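Below, each chain spelled out in residue letters.
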Amino acid sequence: MQDEMLVIILWVTCGVATVVAGLLAYRSAVARYVGRGAVGVLFLLGGAVVHLVNLVTGVDYADFADPALFGWVTDTWHQVVAPDQVLFIGLLAAFEAVVGVLAMCGGRLTRFAYWCVIVFYLALWLFGWTELAWVLLMLPPMFLLLRAERWAAAEPARAG
């Protein structure tokens with residue numbers, strides 16, 4: 001139970017930092033760096049590491065899609081993912097680890113990572129009301145961070 005609380009604190013902290021950074025990133029390089037760190041830590045630690053620890057300790061993901069908003073999501077999860085959890089959750093952890101690292105790299109790699117996060121969130125909402133609330137909260141700052149990174153990358157061209 002204490003471990004779950006630490007994960008929730010990590011997600012909330014990274015979520016708040018992402019929202020605030022997204023709001024300020026257009027005007028502040030520091031906010032862009034905070035956004036990179038928040039997204040990177042969320043996906044690397046709050047995603048990849050948590051999933052790997054869960055796999056090693058035998059956490060069962062079979063019922064993850066039970067609260068999904070559509071029956072076909074739950075059915076597909078039970079037929080495809082649940083029987084091969086180690087494979088699919090392992091792939092998810094690898095994806096999240098790569099995205100987390102790329103988010104912190106800067107430049108094109110950060111922009112690519114942000115697009116990956118956005119696409120991930122666009123799929124995540126299907127898994128239930130909690131996920132939908134998270135996605136609705138996190139998509140706007142992700143687009144703001146992406147816009148700020150694109151603007152910052154174009155800044156030298158504008159100055160020259």
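Enquirer: Could you clarify how one ought to interpret helix 3 (residues 71–81) in this entry?
Expert: Every α-helix carries 3.6 residues per turn, so stepping three or four residues along brings you back to the same face. Along helix 3, the residues that are buried comprise Val-73, Thr-74, Trp-77 and Val-81. Down the axis of helix 3, the buried set is contained in an arc of 100°. They therefore lie on one face. Exposed residues lying more than 90 degrees from the buried face of helix 3 are Trp-72 and Gln-79.

Enquirer: What's the story with the environment of Ala-48 in this structure? I'm lost.
Expert: Note that Ala-48 resides in helix 2 (residues 29–57). Taking relative accessible area as the criterion, Ala-48 reaches 3% and is therefore assigned buried. Residues Ala-48 and Trp-129 lie 81 residues apart in sequence; the distance between their C-alpha atoms is 22 Å. Setting aside residues no more than four positions away along its own chain, Ala-48 makes contact with Phe-43, Ala-93, Glu-96 and Ala-97.

Enquirer: Is there a simple way to think about the packing of helix 2 against helix 4 (residues 85–103) in this case?
Expert: The axes of two packed helices give the description: the angle between them and the distance between them. At a minimum axis separation of 8 Å, helix 2 and helix 4 run at an interaxial angle of 160°. What the angle tells us is that helix 2 and helix 4 run roughly antiparallel. The element helix 2 and its partner helix 4 pack so that their crossing is left-handed. Residue-level contacts link Arg-36, Val-39, Gly-40, Phe-43, Leu-44, Gly-47, Ala-48, His-51, Leu-52 and Leu-55 of helix 2 to Gln-85, Val-86, Ile-89, Gly-90, Leu-92, Ala-93, Glu-96, Ala-97, Val-99, Gly-100, Val-101 and Ala-103 of helix 4. Looking at the contact of helix 2 with helix 4 residue by residue, the classes come out as 14 nonpolar, six polar and two charged.

Enquirer: How do you make sense of the nonpolar core when you look at a structure like this?
Expert: What tends to happen in soluble globular proteins is that the nonpolar side chains get buried as a cluster. Counting 25 residues, the largest nonpolar core has Val-39, Phe-43, Tyr-114, Val-117, Tyr-121, Met-142 and Leu-145 as the members making the most contacts within it. Elements supplying a minimum of two residues to this core: helix 1 (2–24), helix 2, helix 4, helix 5 (107–124) and helix 6 (129–159). When neighbours within four sequence positions are excluded, Tyr-114 is seen to be in contact with Arg-32, Gly-35, Arg-36, Val-39, Ala-103, Met-142, Leu-145, Leu-146 and Glu-149. Ranked by size, the runner-up nonpolar core spans nine residues in total, among them Ala-65, Ala-68, Val-73 and Leu-126.

Criteria and thresholds
Residues take numbers from 1 onward in each chain, read along the sequence in its written order. Where local features are concerned, this predicted model is filtered to residues with pLDDT of at least 70; where side-chain atom pairs are given and counted, the filter is 80 or more; whole-chain, interface and lining totals use all residues. Side-chain measures were taken over the full set of non-hydrogen atoms in the model, leaving aside hydrogen atoms and water. Accessibility here uses a 1.4 Å probe with only protein chains present; expressed as a share of the type maximum, an area under 20% marks a residue as buried, one over 50% as exposed, and anything in between as partly exposed. In this description a helix means any DSSP run of H or I spanning at least four residues, a strand means any run of E spanning at least two, and both kinds are numbered starting from the N terminus. When we speak of the arc, we mean the arc of directions from the helix axis to the C-beta atoms. For this analysis, residues touch if any pair of their heavy atoms sits within 4.5 Å. Every angle, taken between N-to-C directions, lies between 0 and 180 degrees, and every axis is a line fitted to C-alpha atoms, over only the stretch in contact when it is a helix. Roughly parallel here means an angle under 35 degrees, roughly antiparallel means over 145, roughly perpendicular means 65 to 115, and every remaining angle is called oblique. Crossing handedness is defined as follows: a turn of the near helix away from the far one that is anticlockwise and smaller than a right angle gives a left-handed crossing, while the clockwise case is right-handed. Amino acid classes used here: Ala, Val, Leu, Ile, Met, Phe, Trp, Tyr, Cys and Pro are nonpolar; Asp, Glu, Lys and Arg are charged; the rest, including Gly, are polar. Definition used in this section: a nonpolar core is a set of buried Ala, Val, Leu, Ile, Met, Phe, Trp, Tyr and Cys residues joined via side-chain atoms within 4.5 Å.

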